[in-house]
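Per-entry structural report
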Amino acid sequence: MYFYFKKISLTLCILFISTFFTIHSVSASSNFEDISSKHEAFEEISYLIKLGVIKGYRENGKTYFKPNNMVTRGQVAKMVVIASGNKPLTVKNSSFSDVTVGTELSGYVERAIELGYFVTNTKNQFLPNKPLTRDEMSYVLSKAFKLDTSQYEKIDSPFVDVKMTHPYNQFINTIYYNGITKGSGQKYNPNDQVSRVQFALFVARAKNDKFRLELPIKEVVVPDDNSAIIGTIQVTTDGLNIRKSKDSSTIDNIVGKTNKGSKLAVYAIEGDWLKVSFNNGYSYIYKTYAQFLDIDGKTLGNAKKQVTTTQNINLYLEPTSTSNVISTIDSKVKLPVYNTVNGYYLTVVNGLPGYIVAGSTEDVIVEKPSTPDPTPPLVSGDLLGRVTVDNLNIRKEANSTSPVVDKVKKGEYVQVNSVNGYWAQVTFKGQNGYVHKSYLKLLNQNGNPLKDRMIIIDPGHGGKDPGTVVGTIEEKNIVLKVSTLVTQKLEAAGANVLMTRTGDTYPTREGRVDFSHGNYGEIFVSIHANYANNTAAQGIETYYAKTPGDVYEEDIDLATFVNNQIVKNVNMKDRKVKEMKYIVIANTNIPAILVELGFLSNSEDRAKLTDDQYVELFAESIYKGILEYYSKQ
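Residues numbered from 1 in each chain as written. Predicted model: local features only at pLDDT ≥ 70, side-chain atom pairs only at ≥ 80, totals over all residues. Heavy atoms only, no water.

Following the sequence through the fold, Lys305 ends up in strand E10 (residues 305-309). Along the chain, Lys305 and Asn339 lie 34 residues apart, while their C-alpha atoms are 9.3 Å from each other. Beyond its immediate chain neighbours, meaning those up to four positions away, Lys305 contacts Leu335, Pro336, Val337, Tyr345 and Asp363. Polar contacts involving the side chain of Lys305 include one to the side chain of Tyr345, which spans 2.9 Å. (Helix = DSSP H or I, 4+ residues; strand = E, 2+ residues; numbered from the N terminus. Contact = heavy atoms within 4.5 Å. Polar contact = N/O pair within 3.5 Å; in protein donor to acceptor, adjacent residues only side chain to side chain.)

Of all hydrophobic cores here, the largest spans 133 residues; its most connected members are Phe199 and Ile626. Counting residues per element, this core draws most heavily on helix H13 (residues 612-631), which supplies ten residues. Counting 15 residues, the second-largest nonpolar core is a separate cluster that includes Val387, Val389, Leu392 and Leu440. (Core = buried A, V, L, I, M, F, W, Y, C linked by side-chain atoms within 4.5 Å. Buried < 20%, exposed > 50% of the residue type's maximum accessible area, 1.4 Å probe, protein only.)

Quick look at unusual backbone geometry now. One non-glycine residue with positive phi stands out, namely Asn342, at about 50°. Here Asn342 is to be found in the loop between strand E14 (339-341) and strand E15 (344-349). The exposure class assigned to Asn342 is exposed, which follows from its relative accessible area of 71%.

Bringing the pattern of salt bridges into the picture now. The final tally for this structure, using the stated rule, is 22 salt bridges. Glu541 is paired through a salt bridge with Lys578; the nearest N and O atoms lie 2.8 Å apart. Separated by 37 residues along the polypeptide, Glu541 in strand E30 (residues 540-544) and Lys578 in strand E31 (residues 574-579) bring together distant segments of the chain. Residue Lys581 is joined to Glu579 by a salt bridge in which the shortest nitrogen-to-oxygen separation is 3.4 Å. Here Lys581 falls in the exposed class, since its relative accessible area comes to 52%. For Glu579, a relative accessible area of 37% gives the class partly exposed. (Salt bridge = Lys/Arg side-chain N within 4 Å of Asp/Glu carboxyl O.)

Glancing now at the sheet that holds strand E17 (residues 361-363). If you walk across this open sheet you meet the three strands as E13-E10-E17, and the pairing is antiparallel. Strands at the two margins of the open sheet, each flanked by one partner only, are strand E13 (334-337) and E17. Across the sheet, the mean angle from the axis of one strand to that of its neighbour is 40°, orientation sign disregarded. Where E10 lies against E17, three bridges are found, and the strand directions are antiparallel. (Pairing = 2+ DSSP bridges. Axes fitted to C-alpha atoms, helices over the stretch in contact; angles between N-to-C directions.)

So, about the sheet that holds strand E28 (residues 496-499). Across the sheet, which stays open at both edges, the six strands sit in the order E28-E25-E29-E32-E30-E31 with mixed pairing between neighbours. Edge positions in the sheet fall to E28 and E31, since each has one partner strand and no second. Across the sheet, the axes of successive neighbouring strands diverge by a mean angle of 20°, strand direction being ignored. Of the strands in this sheet, strand E25 (454-459), strand E29 (523-530) and strand E32 (592-599) are in contact with H13, which crosses E29 at around 150°.

One way to put it is that helix H5 (residues 134-144) packs onto helix H6 (residues 169-177) with a least axis distance of 8 Å and a crossing angle of 65°. For the element pair H5 / H6, the angle class is roughly perpendicular. Between H5 and H6 lies a crossing whose hand is left-handed. Each of Asp135, Met137, Ser138, Tyr139, Leu141, Ser142 and Lys143 in H5 lies in contact with H6, whose residues at this interface are Phe171, Ile172, Thr174 and Ile175. For the contact of H5 with H6, the residue count by class is six nonpolar, three polar and two charged. (Parallel < 35°, antiparallel > 145°, perpendicular 65-115°, else oblique. Left-handed = near helix turned anticlockwise from the far one by under 90°. Nonpolar A, V, L, I, M, F, W, Y, C, P; charged D, E, K, R; others polar.)

In structure tokens:
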């Protein structure tokens, strides 16, 4: 009797356990102590549990998913074999010294290797306990789920930390463009390990389209015959964003990146943007970071002479009348000539190089008058200086004790012939002389407004002075990163840029001023992050200093342009432009501003200041503000 009831009890127990595990497998993630129904990966984990791809850990009568545990190569081998609809392989001999034949692991590893899911770089070892890295993951997923990788082999990665030469570039591109990963901001972090929850998301997306991220927008196909190409450019900076639209205020439209030296075909100039071909489609780049090339792939150099058109003529892409016609040019238009090729002149029209028939032009004869014209001529030349103070002395020699030969009113322009240190050799009303360049706003009349401008960028604090500190976040590191990016952007536009510090050093406030003066700076921009005891305080504010003899109207202009760009592009609260006699801006004799990017004490501002995507936007905004300042005549 005892045996009979014992048998019934055992049968009921088995039925109960079977029922429990059936229910458990249907809604597995809801039973995990560490995965709630509101978790971002709840659906994906439930989906994979039902497929038998993953399972949890039983500890002290409870089930845990352990989302932050790193997945190993051995675990991944089993998961992808199951997820791809395959079964483990039965073998008599193990291919690897660190995988024991006959074990469950051995069967899945051997099948994964047979199917080509893994690259093994260590002789006779699979390294099953080694955590999987993100670059390895891209290869595994591409192979296991038969993703088409062919179209992504020879294109730049959308991530700044993955070069085209990276061994996994093709596979990282593949999972990005298939909606499996979006990286972390502009980085993929290829050497980082993969957690259980991350891998669950990636496998679910690869396995089932319904879990995939929004795919990058497909671009319009570029004409195969290249009939619409109007020029070729060479990129002048690393990490240049290639965008699907003419909008630099958002990171969502970035479709790729390219580096210094890359060449791209151009299909149109649209304001500040160039329409280019990228990844078999049309995209846009900011034209500041590119220079046009001639038909031989060379930069244009200096103009050799000027000509005037004698009739309406075409501007050709190449020195032949059978080439693409870029535009038409009216009669009596004055043009620079950079080179002569087979009866054609290489010239530039509206910023775009091309070729014109030499025989349809006549040379411009430049005659120097023997005596100055008694009537004030129009100010001309490649570089003008707008006077920023009243009654500026023009001196006979480049020193402050030399005789005054003329005076210039505030707002008038002089032709700048050369600059040596702080002295500019100028021409005004036919009179040559010298003025202190601190009282001139130097304005390029051709090319990029920033070319050859001497700009001082000051990353605040540094070394022993960390600035504002919140947890492990230090102001000095943030502002150095932003300043470095600003410098790179300015240099790409042709500016001469110096930073008061390029590493974790501490120049004194007075030392920063001396640095600016000693290097003949034309503007000074100090970059900081803010702090307040009230954590609700947030936003961007920019300071200038008003001191005797200072050209503070220029400070206000510069501060306003930079401040407004940050408000617009980074979506920061506008705390306005303000006056404050900070030493680094009050003691400089050039337009100088101090930018407080945002409050590290405020969680929303802090999130932006510590996010590489927003750091890029802060830098781009400061760059654009400076460009706007120099574009204002």
